[in-house]
Amino acid sequence: MFKTSNLYQNDPQWKDTKLGNQASETIGSWGCLLTSITMMLNAAGYNETPATANEKLKQGGGFDSAMLIPCMVPYVFPNVSLRAFEPCEGRAAPTAQMDAALAAGKPIIVCVDWNPKEEGVQTHWVLLKEKKDNDYLIYDPYQYRGDAPGKDLLLTSRYKFQGNTPEQAISAVFWFEMAGQAAKPPEKTKLPVPAEKFMVFAVEDDLAFRADPSVSGYLLRRLAAATPLIVLETKSAAQAKIGQQGQWLNVQDPKGDQGFVAAWYVATVDAPAPAPTPTPAPAPAPAPTPAPAPTPTPAKKVATGVTTLIPTMTDLAIRSKPLIAPETLIKRVPITEQLTSLDPADQVKQKVGQQGQWIKIKDTAGTEGYVAAWYVQYPAGAQGADTVVTPVTPPAPSAPAAAGTIKVKTNTEDVALRSQPLVADNTLIYRVTLGTELTITEAGAESKIGVMNQWLKVKDPKGSEGYVAAWYVNR
């Protein structure tokens, strides 16, 4: 069950308030999603009305004209997060997953058809309360005659114009999470901005901005990728922390608020995503010319003092510098990769497995760079001494794979599926969980997989199509 108090978009207190940045639409006429989200916010510990939530979301960039942008809600109200958006018009709504979420007390907002006289779905958003037999009790944000808080309302008794069952009646689902609202700590005295202004930038969406330097610190808000931050520490102290796991930076955000961010999620260079470019229609592929088979390279002993290492995680990053930042990523390698250390063996022995340490390496393809020492280990039986490396024979080149034949998996949590190959508030469709299998829907795109600043057009297991950052997937 999801518990909150019923609010109504057509309440006289705010029904005539202009919705978002639109001069003509009002909360009373089009504020069903806003009101459903407001009810959810109050369950998370906030104390909002549709009017106050409307104003705060306007100030926080949560509207495109009168259209509310759900992915912006966590930036304004950080104790909730949007986990996914799932369109299901024309196919069965995922009621089994919805039942499990409701049983755990998680909020679910669904789209239904409110007008039987119009063709297609006339969008209306309602908040689910609990499962009731084969139906759902709802918090309806629109008050009809006879409605009152506490009165039970069944979804399909009111909204069954697309079918008599919830699977048919529901045409889209927003999945949210709530962290709950902890007590906000007392205000701290603001620190002066250093005369030598040193800037860093968020390298991930939803970067936590906290009151204290800890993952348990009070969450002030979440920051979008590329948000500029003024460092309140000395430049030398900050530079030693950037990219380091477990380190925190004291910063000031563009609103003038001060707090802490994880140093391993910031960089000193603003690296905005490239503007989308049209994808030209592929030319007919010529028949591939068979390449001569490569001559196998015989196994050889590595020079004295050189050490072989293997990753302890899948998709280990090789970087151009010993720094976690978008611009330093060269490629990602699988957990089966052999890495040859380019540092002296005695130094490597001191670094392997140690947080904050980096090792210069070369992979089997000859790529040189740095890897995080806490994500590598010696092969089984090796003691950090000389080892024998057998280079992998490169495969013969082949013709580009056709669209729809290549599967990739996300290699991190909450990868954004976007409507365009562009990081922006209005391109987010929903976030994909770690390990989700995606099908590439463009021909000849295998060369992009794992490459920084490249995008892949994909389809998820449910048929939703969009773009993902190629550096967050692997085969």
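Below: a short report on this structure. (Residues numbered from 1 in each chain as written. Predicted model: local features only at pLDDT ≥ 70, side-chain atom pairs only at ≥ 80, totals over all residues. Heavy atoms only, no water.)

**Focus: the packing of aromatic side chains**
For clarity, the cut-off: Between the rings of Phe, Tyr and Trp (Trp by its six-membered ring), a pair exists once the centres lie within 6.5 Å; its type follows the angle of the planes, with under 30 degrees stacked, over 60 edge-to-face, and the other angles tilted. For helices the rule is a DSSP run of H or I covering at least 4 residues; for strands it is a run of E covering at least 2, with both sets numbered from the N terminus onward.
Overall, the coordinates contain 7 aromatic pairs when judged by the stated rule. Aromatic side chains Tyr46 and Phe77 sit 5.2 Å apart centroid to centroid with 80° between the ring planes, which places their arrangement in the edge-to-face category. Here Phe77 lies in the loop between helix H4 (73-76) and strand E3 (80-87) and Tyr46 lies in the loop between helix H2 (32-43) and helix H3 (50-59), a separation of 31 residues in the sequence. Counting every residue linked through ring pairs, the aromatic cluster contains Phe85, Trp125, Phe174 and Phe176.

**Topic: H2**
Note the threshold: Multiplying 1.5 Å by the helix residue count minus one yields the expected span of that helix. Burial status follows relative accessibility: with a 1.4 Å probe on protein chains alone, a residue under 20% of its type maximum counts as buried, one over 50% as exposed, and anything between as partly exposed.
If you check H2, its first and last C-alpha atoms are 17 Å apart, about what 12 residues at 1.5 Å a residue would give, namely 16 Å. All of the buried residues in H2 are Cys32, Leu33, Leu34, Thr35, Ser36, Ile37, Thr38, Met39, Met40 and Leu41. Within two residues after H2, Gly45 carries a phi angle of roughly 110°, on the positive side.

**Let's talk about the sheet that holds strand E4 (residues 108-113)**
Just so we agree on the cut-off: Strands are treated as partners if at least two bridges between them are detected by DSSP. Helix axes use the C-alpha atoms of the stretch in contact, all axes being lines fitted to C-alpha atoms, and the angles between their N-to-C directions lie in the range 0 to 180 degrees. By the convention used here, residues are in contact when the closest approach between their heavy atoms is within 4.5 Å.
Reading across the sheet, the 5 strands line up as E3-E7-E4-E5-E6 and stay open at both edges, with antiparallel pairing between neighbours. Because the sheet does not close on itself, it has two edges, and the strands there are E3 and strand E6 (135-139). Each adjacent strand pair in this sheet contributes to an overall mean axis angle of 40°, direction not counted. The strands that H2 touches are E3, E4, strand E5 (123-132), E6 and strand E7 (172-178); relative to E5, the one it contacts most, it runs at about 35°.

**A few points about the pairing of strand E25 (residues 415-418)**
Every second residue of E25 is oriented toward a common face, with Val415 and Leu417 on one face and Ala416 and Arg418 on the other, all of them buried. In this sheet, strand E26 (residues 428-432) lies alongside E25 in antiparallel orientation, the contact comprising 4 bridges. Bridge pairing links Ala416 to Arg431 in E26.

**Some words on the nonpolar core**
As a reminder, the rule being used: To form a nonpolar core, buried Ala, Val, Leu, Ile, Met, Phe, Trp, Tyr and Cys residues must be joined to one another through side-chain atoms within 4.5 Å.
Membership of the largest hydrophobic core comes to 79 residues, with the highest contact counts inside it found for Val110 and Leu155. When residues no more than four places from it in sequence are discounted, the contact partners of Leu155 are Val110, Val112, Val126, Leu128, Asp135, Tyr136, Ile138, Ala169 and Ile170. By size, the runner-up hydrophobic cluster in this structure holds 16 residues, among which are Phe198, Leu207, Phe209 and Val251.

**Considering the pairing of strand E28 (residues 455-459)**
The sheet contact formed by strand E27 (residues 437-440) and E28 spans 2 bridges and is antiparallel. Each residue of the ladder has a partner; that of Ile440, found in E28, is Val458. Relative to strand E29 (residues 465-469), E28 runs antiparallel, the two being bridged by 5 bridges. Bridge pairing in E29 links Val458 to Gly466.

By themselves, these are just geometric observations and shouldn't be taken as functional.
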